[in-house]
Structure formats: C-alpha cells, structure tokens
Amino acid sequence: MKHAYLAVSAAALTALSLTACLDFDSPLDTLKIDQEVVDPTVHVGNPGELNFDIEVTEDELDNALANLDTYFRQAKGGQYAMRGGKNGDYPGEHAYQRQFSLGPDNYAQYTTVPHYDFMYGTLQSSYDISTEFNPGPNSSYLIVKNAMVPLLNHPAIDSIPEMKAIYLLLFDQASQEIADIHGAFPYDDFILNKQTSPFTYNGVEHIYKTIIEHLDDIVTCLAHYDARPDWYKTKVQKLMNDNLDVCQNKYYGRTGVSEWIRYANSLKLRIAIHCVKVEPQLARQWAEEAVAGGVVEAPEQEFGLYSFQLGFSNPCNMIWISWGDARLSASFESLLMSLDHPYTKGDYPFFKKNGGAIVNTKTGEVLEPETRIVGLREGIHPGMGQSPATNPMLNFSVFDGDYMAQAPLYLMKMSEVDFLRAEGALRGWNMGGTAREFYERGIRYAYLFERSEEWQHEGYDALVDDYIQRTEAVPYTYHDPLGMVNDEPSVTHIGVAWDESDSQEVKLEKIITQKYIAAFPNSFEAWTDLRRTGYPKLFPVLNADEGDGSLAYGDIIRRCPFPDTDDASVADIIETGLEALGGEDYQATRIWWDKDVPNF
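Residues numbered from 1 in each chain as written. Predicted model: local features only at pLDDT ≥ 70, side-chain atom pairs only at ≥ 80, totals over all residues. Heavy atoms only, no water.

### Focus: the overall build of the protein
Each helix and strand counted, the protein has 23 helices and 14 strands in total. The C-alpha atoms of the protein give a radius of gyration of 23 Å, which matches the 25 Å a tight globule of 600 residues would have. Across its three principal axes, the protein shows a C-alpha extent of roughly 80 × 50 × 45 Å. Looking at the 600 residues of the protein, the share that counts as buried comes to 63%. (Helix = DSSP H or I, 4+ residues; strand = E, 2+ residues; numbered from the N terminus. Rg over C-alpha atoms; globule rule 2.2 N^0.38 Å. Buried < 20%, exposed > 50% of the residue type's maximum accessible area, 1.4 Å probe, protein only.)

Below, the structure is given as structure tokens:
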C-alpha cells in the first residue's frame, strides 16, 4: 500500500496570506493590496463570538469602516476562492480545475479526465494519487481562510457584528466542505489565525458541531439587524453591496439580511442531513430548527457567484471545451439516458453528442460524428494529448458551452435545499411539507439557471412536466465506441414519478438521484451523498486499486488523503491528525458521518 502523504503543506501554506496575490507556487509572507499590507497575525478576542446587541455610535462605525477597508477587499477575494478564484480574482480555470475537475468531479462520477498528461503532473486513472492534484481543494480552502480569518480576528469587526456573522458563515461553509473532503484539519487553529506548527487537527464531529453553534449565533445576530438605527443600516447596506458578491440582494434591489438568515439555516440543514447515520436524533433536531427558522425556498434567495452578473465565464467551459481536460462520464450518461432526462433530448439538449468520429479499436466500427451522447468509463486509462486527431477520447461528449458559460457557481441552490427537505420528510421529520412536494419542486428548479423567463433553458422547461411523471426507467446499455471496455447494462432501474407505495429505500434513491443531477457540476455535495447513501447507483470505477492501494474493484473513494508532506505537517498528522480522522490516512478510510450501516 502506497504512503498517502502528498504535496503542499498546510503548515507551510497557512502562514501565507494568499488571496490577492496568490500563485499556487509562489508563497508570500503578507498580503499586499494596492501597496497596503495586512498583518496576518492579528488576533484579538474570539473570531467565532458575535456580540449582536453591541451598541455602536456613528463615529465608532466610521472608524471601523476605515480600519477594515483593506480587510474587506481581501475577504471579497475569499468568496471567489470558494469556487475557483485566486489572486483576489473571479473564479478561473486553473484554480477551479485543481479544486474540482481533477478530483471530486471524478469521484462523484460527473466527469472523466480523457488524457493523462498535464503541464504540472499526470493522472493515470481516476483514483491515481497525484502529488500535484491532491492538494487542489485544500489549496483553495487555504485561500478562503487567509482571506477571511484576519477580518474575523480584527477587533474593529466587532463594531459591525452583521458583517462578522456573514464572513463567519462563509468561512464555515468552506470549512464544512473541506472537512468532508479530508476528514480532519486544524479548524480551531485556523480560525484563530495560528501561523506556525504544531497544529492540532480536529475531526469532522468537532468541526460540524462548532459550525452549528456558530450558525445559531449567526441567525440570532442577523435577526437583530432590523432593530439597528437607520444611519447604521444605510452604511452597512452599502458595505454589503460593495463587498458581498455571493448574495443576489443588490441585483434585485433588496435590503436587509433575511436572505443571509435563510442561507445560514440551509447550511445547518445540509449538515444535519449529513449526520443522519451517526447522530440521528441530533440531526433531526438541527434540521427541524433550520426549517422552522427559514431556509432558501425561491431562486432569488440562492447564493453563488453569478457569471452573467459579475462578468466572468464559468470555468468549466475552458476546462471541458477549450482545454479538453474533462468529458462526460459513462455513469452520468447511463443515468441520464435511463431516466430520459431533459438534458439529453429536445431541440436544445444540454449534453452534446460525440464531436467527431470514434473508431472501435477492436472491430473497426465507426461511430460517426453527432451520433450519440457518450461518456467515458470512470477510472479508464486516459489517452495522451489534447487533440482529437491523436486522442479519440476528446471526441466524447461535452455540454452546451453557450449555456454553461453563464451558469452560476452555486454555494446554496434552492433545489438542493428542497431535496434536503424531501429526505428529512421521508425520515418523518417536520420539514414544512411532504417529501413528494419538495422532491417534485426540486426537480422543477434543478436546472443550472434560476427558473425565470430570461434564463430558463428551453429544452428543460418544455420537457420537465413529462419527465416528472416517468414511472419506469428506459432500458439502456452503455456501449464504449472505442471498444476498450465491455458493454455495461444501466444500474439505474428506478423511474422519476413519486410513488407512495415505493419502499423507503427506493424513495431515497429517487431523491438522491435527482439531487445528484441538480447539483451538477458542483461535485462536493454529490460525492458526499454517494458516500453516505450509496446513491445514485453508478458503474464500478475501473482501476480503483491504482490509488493508494486501499481500494479494490467495486470500492469508491471515501476521502482525499491529507495533502501534506513537509516534516512539520507529517508530525502534526501523526500526533493529532490520525486520531481526529479516526483511521489511517488512506482513500478507503471513512470519515465521521460515513457509516457502513443501512440508510433506514
């Protein structure tokens, strides 16, 4: 079994302020913005404590705004880093690729990488450990941390508790996501802005429960905002509009913080659902509290980075289409075709047919261009090069780039919240409605854009009424036009239509399968659901043993190993990391909520 410690040290990177000037290979001692310097060591008070009822004079607020101007501009870049930004810039292709496309997107089986050769490393198969690629999600998280934590630790932020609450919320979502990827990291030390080893690792249970405490305080703090004087709200509203790009309020001309309360409660609901196998009673309590407090339930309440509003192109376009670094996976193809999904049909299908001729290496049979939607089996050994002329895998299916270019990068999507509520209702929890109601609404609002006249996808809205009534799967067999793997009958045997006579297990499979489709291309939640429920059903990953040696055929990757190799980080992992993880540092090790027990 290979050793699992991989490149880019958390101990080395955490000492750096990376947001405005970050290059993954060029660390800096301090963060420089417009010739100003942010001291990364500032720490006063408790960054997780919110004094929501503090009384602030106008002079005190003005002083705080002046003292924090640079910090707010730094923290703004941290929002972009949550979905592939670096250097304080909007999400870009290289950081997004490292964060999603070369790891979690493949682990969720949305995509398969069609070539192994990259300018900064190789990827021999989906679970192959690359010392270059494995740190990708962690590198992005550290940018978020180094952008937001100095603000959370600055004494002046306590004079603007609502802004402290909002950035604590964003930091905690990023922390929840990276905890689900690695299973443990030094959360307590990170939020306190500790700069040097030794770092004490915290496990997912501790991180989750700390975040829940924060979320409750965040909601309490934000609920107090309406009682603030008008002069305060006027200045803070401008501050929010100028610095918070993940919220749609300014685009809709809305004021106040009610959407942020919904966002916090929705994150609490997500965490609750993750815990159903390990803390079922606590999970129910958290979920019911979240829904009672108000969650996202309209498209205009969603959170994310909206490319068509901010003026950038979704990074997936460059990664898939221009670079040829990702293609549709065979599992996703088979699932969509078995369900006769709107993404695959109509006048405007979202996924496109093969872009060029594909010749079967065994029989010589030719799949002519534009014949069928076709994906690559996950784990297949990729070809060489990024030209279809030399690498026929580049002719496999991609999405419609015109639509994807303007697709948002979601942090919290309405359809995800509906599917979370559907699962909670299925388990007998009070979610404010029935499992069927939330399930069907989640499908209707699943498309990449909000379901509005301006941004709706013609092919989806025109077909969703029929789709939602499909009672049986379409018989389908995956056929590899290259002839490199055998034909594989679809493992999707459920329909779409809600049937109260179905077993709990079948209903859960339907919910998670539709949630999986709705989440595309954000693989973090999709991979989490696959690990905790076993759904959606997907093809076995080929060459699974080519990772760190802990997986065999039929196994799925349970976590990314720690991305640390320097002596100090390895010592920290040995001292506290493995205990916090609850197992060895391998791909097969299950993290806290990932229990090998029945779903019901």
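Here the narrative resumes, following the displayed structure.
### Brief notes about helix H17 (residues 414-426)
With 13 residues, H17 extends 18 Å from end C-alpha to end C-alpha; this agrees with the ideal 18 Å at 1.5 Å per step. The element H17 is largely enclosed, with a buried count of 13 among its 13 residues. Phi turns positive one or two residues past the end of H17, at glycine 428, with a value near 90°. (Expected span 1.5 Å × (residues − 1).)

### With respect to the nonpolar core
Residues Ile160, Met163, Tyr167, Leu170, Trp260, Phe350 and Phe351 are the most contacted members of the largest nonpolar core, which totals 156 residues. Per-element tally for this core: the top contributor is helix H6 (residues 161-182), with 12 residues. Discounting residues that sit within four places of it in the chain, tyrosine 167 has contacts with Phe72, Ala75, Lys76, Gln79, Met148, Leu151, Leu152, Asn243 and Leu244. Leu367, Val374, Phe396 and Leu482 belong to the second-largest nonpolar core, a separate cluster that totals 13 residues. (Core = buried A, V, L, I, M, F, W, Y, C linked by side-chain atoms within 4.5 Å. Contact = heavy atoms within 4.5 Å.)

### A word on the environment of glutamine 79
Counting through the fold element by element, glutamine 79 comes out in helix H2 (residues 58-81). Distance from glutamine 79 to glycine 304, taken between C-alpha atoms, is 9.0 Å for residues 225 residues apart in sequence.

### Let's talk about unusual backbone geometry
With an omega of 5°, the peptide bond between serine 197 and proline 198 qualifies as cis. Inspection of the secondary structure assignment puts proline 198 in the loop between helix H7 (187-191) and strand E7 (202-203). Put simply, phenylalanine 520 and proline 521 share a cis peptide bond, and its omega is 5°. Examined against the element boundaries, proline 521 turns out to sit in the loop between helix H21 (504-519) and helix H22 (523-533). Residues other than glycine seldom take positive phi values, yet asparagine 193 does so here, at roughly 65°. With a relative accessible area of 4%, asparagine 193 lands in the buried category. Phi angles above zero are rare outside glycine, and glutamate 370 is one such case at about 60°.

### So, the pattern of salt bridges
Close approach of charged atoms allows side chains with opposite charge to pair. Under the definition given, this model contains 40 salt bridges. Here aspartate 62 ties to lysine 235 by a salt bridge, and the two come within 2.8 Å at their closest N and O atoms. In this pair, aspartate 62 is assigned in helix H2 and lysine 235 in helix H9 (residues 230-243), connecting sequence segments 173 residues apart. Looking at aspartate 62, the relative accessible area reads 31%, which means it is partly exposed. Where glutamate 297 meets arginine 262, a salt bridge forms, and the shortest distance between an N and an O atom there is 3.2 Å. Of this pair, glutamate 297 sits in the loop between helix H12 (280-293) and strand E8 (303-305) while arginine 262 is found in helix H11 (residues 258-274), placing the two residues 35 residues apart along the sequence. Glutamate 297 sits in the partly exposed class, given a relative accessible area of 34%. (Salt bridge = Lys/Arg side-chain N within 4 Å of Asp/Glu carboxyl O.)

### Observations concerning the state of the cysteines
Under the definition given, this model contains 0 disulfides. Summary of cysteine pairing: cysteine 275 is not part of a disulfide, and the nearest cysteine sulfur, belonging to cysteine 560, is at 20 Å. The exposure class of cysteine 275 is buried, given its relative accessible area of 0%. Distance from the sulfur of cysteine 560, which forms no disulfide, to the nearest cysteine sulfur (cysteine 316) is 17 Å. (Disulfide = S-S within 2.5 Å.)

### Section: the side chain of aspartate 105
Relative to the assigned elements, aspartate 105 resides in helix H4 (residues 104-107). Every residue in contact with aspartate 105, bar those within four places of it in the chain, is listed here: Phe100, Tyr110, Thr111, Pro521 and Ser523.

### Observations regarding the confidence of the model for the protein
Chain-level statistics for the protein give a pLDDT mean of 91 and a share of 91% at 70 or above. The low-confidence segment residues 451-455 (pLDDT under 50) makes 8 contacts with residues lying over four places distant or belonging to another chain. (pLDDT = per-residue confidence, 0-100.)

### Remarks on the packing of aromatic side chains
Here a ring pair, both rings aromatic, is described through the centre-centre distance and the interplanar angle of the planes. Going through the model one piece at a time under the given rule, you end up with 46 aromatic pairs. With centroids separated by 5.0 Å and ring planes inclined at 45°, the aromatic side chains of tyrosine 343 and phenylalanine 350 adopt a geometry described as tilted. Across the pair, phenylalanine 350 and tyrosine 343 agree in class, each one buried. Ring geometry for tyrosine 478 versus phenylalanine 539: centroids 6.2 Å apart, planes at 55°, classification tilted. Of the two residues, tyrosine 478 sits in strand E13 (residues 477-478) while phenylalanine 539 sits in the loop between H22 and helix H23 (567-581), which places them 61 residues apart along the sequence. Across the pair, phenylalanine 539 and tyrosine 478 agree in class, each one buried. In this structure an aromatic cluster arises from ring pairing among Tyr110, Trp320, Phe332, Tyr343, Phe350, Phe351, Phe399, Tyr447, Tyr460, Tyr516 and Phe520. When the ring centre of tyrosine 120 is taken as reference, the NZ or CZ atom of arginine 98 above it lies at 4.5 Å. (Phe/Tyr/Trp six-rings, centres within 6.5 Å; stacked < 30°, edge-to-face > 60°. Lys NZ or Arg CZ within 6 Å of the ring centre and 35° of its normal.)

### A few points about the packing of helix H3 (residues 93-101) against helix H14 (residues 315-322)
The description of two helices packed together rests on the angle between their axes and the distance between the axes. At a closest axis distance of 9 Å, the pairing of H3 and H14 adopts a crossing angle of 80°. Here H3 lies roughly perpendicular to H14, going by the angle between them. Where H3 abuts H14, its residues Glu93, Tyr96, Gln97 and Ser101 lie against Pro315, Cys316, Met318 and Ile319. Looking at the contact of H3 with H14 residue by residue, the classes come out as 5 nonpolar, 2 polar and 1 charged. (Axes fitted to C-alpha atoms, helices over the stretch in contact; angles between N-to-C directions. Parallel < 35°, antiparallel > 145°, perpendicular 65-115°, else oblique. Nonpolar A, V, L, I, M, F, W, Y, C, P; charged D, E, K, R; others polar.)

### Focus: the side chain of arginine 421
For arginine 421, the location among the structural elements is in helix H17. Overall, the relative accessible area of 5% leaves arginine 421 in the buried class. When sequence neighbours within four positions are dropped, the list of residues in contact with arginine 421 reads Leu269, Val291, Val295, Glu297, Met431, Gly432, Phe438 and Arg441.

### Focus on H14
Within an α-helix, residues lying three or four positions from one another point in the same direction, as the helix has 3.6 residues per turn. Residues of H14 that are buried: Pro315, Cys316, Asn317, Ile319 and Trp320. Turning to H14, the residues buried within the fold contact H3, strand E3 (111-112), strand E9 (327-328), helix H16 (401-404) and strand E12 (409-412). Residue asparagine 314 occupies the N-cap position of H14, its side-chain oxygen lying 2.9 Å from the main-chain nitrogen of cysteine 316. Positive backbone phi, approximately 70°, marks glycine 324, located one or two places after H14. (Polar contact = N/O pair within 3.5 Å; in protein donor to acceptor, adjacent residues only side chain to side chain.)

### Topic: the packing of H6 against H9
Taken N-terminus to C-terminus, the directions of H6 and H9 make an angle of 30°; their axes are 10 Å apart at the nearest point. Of the possible angle classes, the one that applies to H6 and H9 is roughly parallel. Crossing geometry of H6 relative to H9 is assigned as right-handed. Here Pro161, Glu162, Met163, Ile166 and Tyr167 of H6 come into contact with H9, specifically with Tyr232, Val236, Leu239, Met240 and Asn243. Looking at the contact of H6 with H9 residue by residue, the class counts come to 8 nonpolar, 1 polar and 1 charged. (Left-handed = near helix turned anticlockwise from the far one by under 90°.)

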